[in-house]
Amino acid sequence: MRKTDKSISAYLKASTAGRMAVSAFLSFAVVCGFGWMLPVTGDRLWYTNSIVPVFFFLALWTLAYRILKTGFEGKGAKWFFPLLFGLFFSICMVFGAQLNLTGWVPFTQGKMWIGILALTVFVTLTVRYFWDRLLEWKVKYPGPISSGASNLKRPKGQETGSKDRRSFFLTAGAILLMYLPVFLAVYPGFFVYDAQDEYLQVVTRNFSTHHPLMHVLLLGGILHAVYKLTGSYNLGIACYTVIQMTLMAGIFAWFIEKLKSWGAAKWYRVILTLYFGLCPVLVMFALCSAKDGLFTGMLLIMVVLLKELCKEPGRFFERQGAVCLFAIASLCMMLLRHNGFYAFLVFTVVILFYLKGFRRKTAVCFGVIIAAYLAVNAGLAALLQADDSENQEMLTVPISQMARVYADEKETLTEDEKEILYRYLPKEALARYTPKVSDGVKISFNNEAFAEDSSSFFKLWFKWGTEHPFTYLNAWFMTSYGFWYPDTVIDVYRGNSVFTFTYGDSSYFGYEVEQPGTRESKIPWLDECYRRMSLEIAQQKIPVVSMLFSPGFLFWVTAFGLGFMCYCKCWAKAVPFMLPGLVWFTVVLGPTYLVRYVVFLWALVPLLLWEVLEEE
């Protein structure tokens, strides 16, 4: 006699009436809670007293009914990752809407938390449902983007190697060819985001560790050398841009060739070639003087090789070329962005924990890379006599939090507290505080006072944190919510004047050519397209398409894929993506939210799709 299943899931699966009642109640709760996800002012009558929520309710009811009808198999542990995703997604959507609307999350508002609870339940059920269906689909249609002809373990002969090299150069050439019209349109390239400052460090020989010294030397050195030879600043900028374009095209082509060796279908490789060559976000930073493009390329190489390391660690360590390439990419990644070092350091602990049988080799490999970074970084600083007295980059969050308390609670602060604060942040700097970016305040941070007495700073920061915890949270959220709230319009520099324009509705991308360069467009209409994407809310006016440009949306796409891997316990697939996850965590502790800090999300999407859809 078969044992009767008395679980709630079984009851709902068997009872039509119960299923309809529960799905109706849940859908109604979500419709009510959804109002907290809408950044609108007033009494919300336009939403509550409208026929639109009726259609929304019916659609949710239909989906909820189908989800409950299907039922869920497995133990309670199967709900951990869906619940984790549902909880954080719901919190981020509601918090983001409130920050977008008022710049403040009403933490004490009970209705908001009820709305979050309803959304969490529904999103958790929906995510679990779609992950289960995705698993079934993978069983029914294995290898949807694979040709079924992986040569991962096949030894290459001379003829095969020659074909692979020819394929690599053709792919890299095709991507570079697609970059060419944009390069001509924005000639000599996007010389922006501290580019002038980095160049002047080389010219004046007055270096600081504020910017990564390797990039300062690379950018400033090429520009200054070409200027000395030709007398043209634009030619120097163009030379650097072409070199970076070529490197990025080569890295993307290398990645596509890797997918080919894993068995990726030709049609998928063709689509990826077009994607890497035409995706506006990737093109912008391939042609941009900022370090973020090269950083993205190095990170992509690392994640690809980490996939091979996690899958077959023994074979990986036998391949000296792969180990050397990983070491070079890791070293360059950390030398291009300071936060890359912190992410790599934490990831070292993660990978050592995962690769239990290869801990010694892994520890040696990662230890040598970290030691090399510390040696090169310190060597460059000593050789160039770079000023390393700045602390404000590491104190970005505390500075913005204290500046917000000062702005919101100035009248309640004691004179002694203000005196301590003014020691580190002068009044004129505090007056420049804007919630979305801390640059205006932290640029005037008194590093000498901090070096003499850092304890007073931290004591005041801790004291205000205990007294104004919600203010501290809101201050941090306001400089980071664009990274996790998809609906954000990136306008953090609104009103700021730069060399050739004043920022208005959008700060999506810097676009301009800083002095001493000047824009000399050869294709004005295409130049105008990139200007509009960068400085206007052009793409945000197009439904669905707008999300393809959203850092918050790309983050949740990545989180969905990574969550699915964890749900399936495919740890060899999930662990490599923890490195960019740690990099993402470091940027939410930064001064503001800009696409440049997370452009690597766009580069990693094709690899994420491969890992989600393909079997090992």
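Calculation rules
- Residues numbered from 1 in each chain as written.
- Predicted model: local features only at pLDDT ≥ 70, side-chain atom pairs only at ≥ 80, totals over all residues.
- Heavy atoms only, no water.
- Helix = DSSP H or I, 4+ residues; strand = E, 2+ residues; numbered from the N terminus.
- Rg over C-alpha atoms; globule rule 2.2 N^0.38 Å.
- Buried < 20%, exposed > 50% of the residue type's maximum accessible area, 1.4 Å probe, protein only.
- Contact = heavy atoms within 4.5 Å.
- Patch = residues over 30% accessible without salt bridge, like charges linked within 9 Å, V, L, I, M, F, W, Y side chains within 5 Å.
- Areas by Shrake-Rupley, 256 points an atom, 1.4 Å probe, with all protein chains shown as cover.
- Salt bridge = Lys/Arg side-chain N within 4 Å of Asp/Glu carboxyl O.
- Phe/Tyr/Trp six-rings, centres within 6.5 Å; stacked < 30°, edge-to-face > 60°.
- Lys NZ or Arg CZ within 6 Å of the ring centre and 35° of its normal.
- Lys, Arg positive; Asp, Glu negative; His and termini not counted.
- Core = buried A, V, L, I, M, F, W, Y, C linked by side-chain atoms within 4.5 Å.
- Expected span 1.5 Å × (residues − 1).
- pLDDT = per-residue confidence, 0-100.

A. Examining the overall build of the protein more closely. The helix and strand inventory of the protein stands at 28 helices and zero strands. Taken against the 2.2 N^0.38 rule, which gives 25 Å for 616 residues, the C-alpha radius of gyration of the protein at 26 Å falls within 12% of a compact globule. By principal-axis analysis of the C-alpha atoms, the protein measures approximately 85 × 75 × 55 Å. Looking at the protein as a whole, 52% of its 616 residues qualify as buried. Partitioning the contacts of the protein with sequence separation of at least 6, the portion at a separation of at least 24 is 78%.

B. Fine view of a nonpolar patch on the surface. Taken together, the side chains of Ile51, Val52, Val54, Phe55 and Leu58 present a nonpolar region at the surface, about 490 Å² in accessible area. Counting through the fold element by element, valine 52 comes out in helix H4 (residues 52-70).

C. Here's a closer look at the packing of aromatic side chains. The final tally for this structure, using the stated rule, is 57 aromatic pairs. Both rings, one in tryptophan 262 and one in tryptophan 610, keep their centres 6.4 Å apart while their planes meet at 35 degrees; by these two values the pair is tilted. Of this pair, tryptophan 262 sits in helix H10 (residues 233-262) while tryptophan 610 sits in helix H28 (residues 600-613); the two residues are 348 residues apart in sequence, bridging distant segments of the chain. Through successive ring pairs, a cluster of aromatic residues spans Phe95, Phe107, Trp113, Phe470, Trp476, Phe477, Tyr481, Trp484, Tyr485 and Tyr593. The ring of tryptophan 262 carries the charged tip of lysine 307 above its face, separated from the ring centre by 4.8 Å. The residue whose ring lies beneath arginine 337 is phenylalanine 295, and the NZ or CZ to ring-centre distance is 4.2 Å.

D. Quick look at the side chain of lysine 291. By the secondary structure assignment, lysine 291 is in the loop between helix H12 (280-286) and helix H13 (292-311). It is glutamate 198 that comes nearest to the buried, bridge-free lysine 291 among opposite-charge side chains, at 4.5 Å. Once you skip the residues sitting within four places of it in the chain, lysine 291 turns out to touch Glu198, His211, Pro212, His215, Leu336, Arg337 and Arg596.

E. Structural detail: the side chain of serine 534. Note that serine 534 resides in helix H25 (residues 524-535). Of the residues examined, serine 534 reaches a relative accessible area of 0% and is grouped as buried. Setting aside its immediate chain neighbours within four residues, serine 534 contacts Met284, Ser506, Ser507, Tyr508, Phe509 and Tyr511.

F. Layout of the nonpolar core. Counting residues in hydrophobic clusters, the biggest one holds 167 residues, and the most contacted among them are Leu287, Phe326, Trp484 and Trp602. In contact with leucine 287, not counting residues within four places along its chain, are Tyr179, Val182, Phe183, Val186, Gly189, Phe190, Thr241, Gln244 and Met245. Within the second largest apolar cluster, 21 residues are counted, among which are Met402, Val405, Leu413 and Tyr424.

G. Molecular detail of helix H17 (residues 359-383). With 25 residues, H17 should cover 36 Å at 1.5 Å per step; its first-to-last C-alpha distance of 35 Å lies within 8% of that length. Regarding H17, the residues found buried are Thr362, Cys365, Phe366, Ile369, Ile370, Tyr373, Leu380 and Ala381. Contacts made by the buried residues of H17 are with helix H9 (213-230), H13, helix H14 (313-318), helix H15 (320-336) and helix H16 (338-354). In the stretch just after H17, glutamine 385 is the one whose phi turns positive, near 50 degrees.

H. Representation of the confidence of the model for the protein in the model. In the predicted model, the protein carries a mean pLDDT of 91, and 94% of its residues have values of at least 70. The low-confidence segment residues 1-5, where pLDDT is below 50, has one contact with residues more than four positions distant or belonging to other chains.

I. A look at the pattern of salt bridges. One pass over the structure, following the stated rule, counts 23 salt bridges. A salt bridge links lysine 463 to glutamate 417; its shortest N-O distance comes to 2.5 Å. With lysine 463 in helix H23 (residues 454-467) and glutamate 417 in helix H19 (residues 415-424), this residue pair connects regions lying 46 residues apart in the sequence. Glutamate 417 sits in the buried class, given a relative accessible area of 9%. What you see here is one network of salt bridges that share partners, running through Lys436, Asp491, Arg494 and Asp505.

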